[in-house]
Amino acid sequence: MLKQIRTVAAVALLTVTTYAVGVELNGSHPDTYVVKKGDTLWDISGRFLQKPWLWPEIWQANPQVKNPHLIYPGDVLSLAYLDRVTAQPGPRQDAPINAIPLADVEPFLKNLNIVDSFKELPYVVGLEDNRLRASAGQQAYVMGLDGAQPGQRYMVVRPTVRYGQPKHSDDLDARGNLLPGSGNLWKDYAVTSDRTEFLGYELAQVNIGTLTQAGAAGKQASTLRLEDSGREVRAGDRLVPVQAQPYDLQFIPHAPATAPAPGQLRVLAVADTLTSGGPRDVIAISGGAREGINNGTVFSIWRNGSHINNKVTGTATSRVDDALYASGSRVSMPDEYAAHAMVFRTFDKVSYALIMEGTKPARVGYELKHPDAQ
């Protein structure tokens, strides 16, 4: 977790010409801009640069700046000359601005996790008064909390999705088992339906509770008093200890250290929608820390080119043109740009990203490339 920095440089003289090849100034930029509460680093970057994700490279041109990523409401940014940027500090009364609105991603920071397994976790075996569902103020009875002490707090989580690559996801039932046929939807969006690698299970937080009574090891259920009224708990939900903010709150947009290989990264899912999303929607992608992805990494999202029948030189046919595979007389069309997205939470093999802007919806199965891809 990034530590909050309390000091910044008073004035930063930042050289742009070093990055003349990679960084292109936006011709419509103002001479000065006063940072306002509610601004985001991405939006301000767009005022100066045609590629907002290259903003850190400009700041880093001056090694005197201790932490140039922290910009505060009231700071005055100047771009009066084409070869330098200066920043004059404001009153420092408000929190530093972020690359994205935290409200757009906070539920995903707090409430989602990716794990390799979950069936060994403690689980809810029953509820107060034999209820089918329970919420704040009610009790859940839990097996597997051997050695736990009253007063300890736990998150109640629910396995929802199994992620894989290249097949994207399978929904899970109440016990965490695969729902038969749940992955059939993605065959229309995936390049292939054969699963080759397991990426992880998604656990969604449904409640929080405090242990009030520990049961005998392996013989009696422990008692958990629920505290949250947001979502109801059911038998089969799992428990993990509450952690103190296990995520970053600052995201600095930047390009990936290395460009992903063709077909390596794809959109696994779009949160709260079925198959597609636009700006400010959250997506899950098939890559994480092992691919060198970290918070702030920016990707472009592309629709893979269709494979269509050549109606001029090929044989007339009634087959659908928008095919996932090239074969016979089909002609392969170029890939089409859809959007840019920035990663805000990373696990080993899966990451969550926020769609920042785009020209068309980003859909499940679309490929992720370097943000500068053409």
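None of these values were measured; they are calculated from a predicted model.

K.L.:
What's the story with the nonpolar core in this structure? I'm lost.
P.N.:
Nonpolar side chains in soluble globular proteins tend to be buried together. Of all hydrophobic cores here, the largest spans 41 residues; its most connected members are Ile100, Tyr163, Phe251, Phe344 and Tyr352. Element by element, the count of residues in this core is highest for helix α1 (residues 41–48), at four residues. When neighbours within four sequence positions are excluded, Phe251 is seen to be in contact with Asn98, Ala99, Ile100, Leu102, Val105, Leu109, Asn295, Met342 and Phe344. Within the second largest apolar cluster, 18 residues are counted, among which are Leu265, Ile293, Ala362 and Tyr366.

K.L.:
Explanation requested: the pattern of salt bridges in the structure shown.
P.N.:
Close approach of charged atoms allows side chains with opposite charge to pair. Per the stated rule, a full pass over the model turns up eleven salt bridges. Between Lys51 and Asp372 there is a salt bridge, with its nearest N and O atoms 3.6 Å apart. Here the residue Lys51 occupies a position in the loop between α1 and α2 (55–59), and Asp372 occupies one in the segment after β22 (367–369), the gap between them amounting to 321 residues. Residue Asp372 is classed as partly exposed on the basis of its relative accessible area, which comes to 26%. Between Asp104 and Arg280 there is a salt bridge, and its shortest N-O distance comes to 3.1 Å. Here Asp104 is found in helix α3 (residues 102–111), whereas its partner Arg280 is found in the loop between β14 (276–277) and β15 (282–285), with 176 residues between them in sequence. Overlapping salt bridges, with partners in common, bring together Arg158, Arg234 and Asp237 in one network.

K.L.:
Is there a simple way to think about the sheet that holds strand β20 (residues 351–358) in this case?
P.N.:
Two strands in a sheet stick together by hydrogen bonds in their backbones, pointing the same way (parallel) or opposite ways (antiparallel). On the basis of which strands lie adjacent, the open sheet formed by six strands has the order β13-β15-β20-β19-β16-β22 and antiparallel pairing. A single partner strand is all that each edge strand has here, and the edge strands are β13 (267–270) and β22. Adjacent strand axes in the sheet meet at a mean angle of 40° when their direction is disregarded. Note: strand β16 (residues 298–303) against β22, three bridges, orientation antiparallel. The residue bridging Ser300 from the neighbouring strand is Lys369, located in β22. The strands touched by α3 are β15, β19 (336–346) and β20; relative to β19, the strand with the most contacts, the crossing angle is about 55°.

K.L.:
Could you clarify how one ought to interpret the packing of aromatic side chains in this entry?
P.N.:
The description of an aromatic ring pair rests on the distance of the ring centres and on the angle between the ring planes. Evaluated as defined, the whole model comprises six aromatic pairs. On the numbers, 6.2 Å between centres and 35° between planes, the contact of Trp42 with Trp53 is tilted. Taken together, the positions of Trp42 in helix α1 and Trp53 in the loop between α1 and α2 put the pair eleven residues apart, joining distant regions of the chain. Residue classification places Trp53 among the buried positions, given a relative accessible area of 4%.

K.L.:
Whenever I open this one, the environment of Ile114 confuses me. Can you help?
P.N.:
Along the polypeptide, Ile114 turns up in strand β5 (residues 112–115). Overall, Ile114 belongs to the buried group, its relative accessible area being 11%. For the pair Ile114 and Leu199, spaced 85 residues apart in sequence, the C-alpha to C-alpha distance is 8.8 Å. Residue contacts for Ile114: discarding those within four places in its chain leaves Tyr163, Leu199, Gly200, Tyr201, Glu202, Phe347, Val350 and Tyr352.

K.L.:
Teacher, can you tell me more about the pairing of strand β10 (residues 197–213) here?
P.N.:
It is a general feature of regular strands that their side chains alternate between the two faces of the sheet. The element β10 is extensively covered by neighbouring structure, given that 13 of its 17 residues are classed as buried. Judged from the four bridges that link them, β5 and β10 form a sheet pairing that is antiparallel. Its bridge partner lying in β10, Asn113 is registered against Leu203. Pairing between β10 and strand β11 (residues 222–226): four bridges, direction antiparallel. By the bridge assignment for β11, Gln213 is matched with Thr223.

K.L.:
Which parts of the structure should I look at to understand the pairing of strand β8 (residues 153–165)?
P.N.:
With eleven of 13 residues buried, β8 is to be regarded as a mostly interior element. Pairing of β8 with β10, which is carried by twelve bridges, proceeds in the antiparallel orientation. If you follow Met155 over to β10, its bridge partner there is Ile208. Bridging between β8 and strand β12 (residues 238–241) involves four bridges; their strand directions are antiparallel. Looking at the pairing, Val156 lines up with Leu239 of β12. Note: β8 against strand β9 (residues 169–171), three bridges, orientation antiparallel. In the strand pairing of β9, Arg162 is matched with Asp170.

Analysis parameters
- Residues numbered from 1 in each chain as written.
- Predicted model: local features only at pLDDT ≥ 70, side-chain atom pairs only at ≥ 80, totals over all residues.
- Heavy atoms only, no water.
- Core = buried A, V, L, I, M, F, W, Y, C linked by side-chain atoms within 4.5 Å.
- Buried < 20%, exposed > 50% of the residue type's maximum accessible area, 1.4 Å probe, protein only.
- Helix = DSSP H or I, 4+ residues; strand = E, 2+ residues; numbered from the N terminus.
- Contact = heavy atoms within 4.5 Å.
- Salt bridge = Lys/Arg side-chain N within 4 Å of Asp/Glu carboxyl O.
- Pairing = 2+ DSSP bridges.
- Axes fitted to C-alpha atoms, helices over the stretch in contact; angles between N-to-C directions.
- Phe/Tyr/Trp six-rings, centres within 6.5 Å; stacked < 30°, edge-to-face > 60°.

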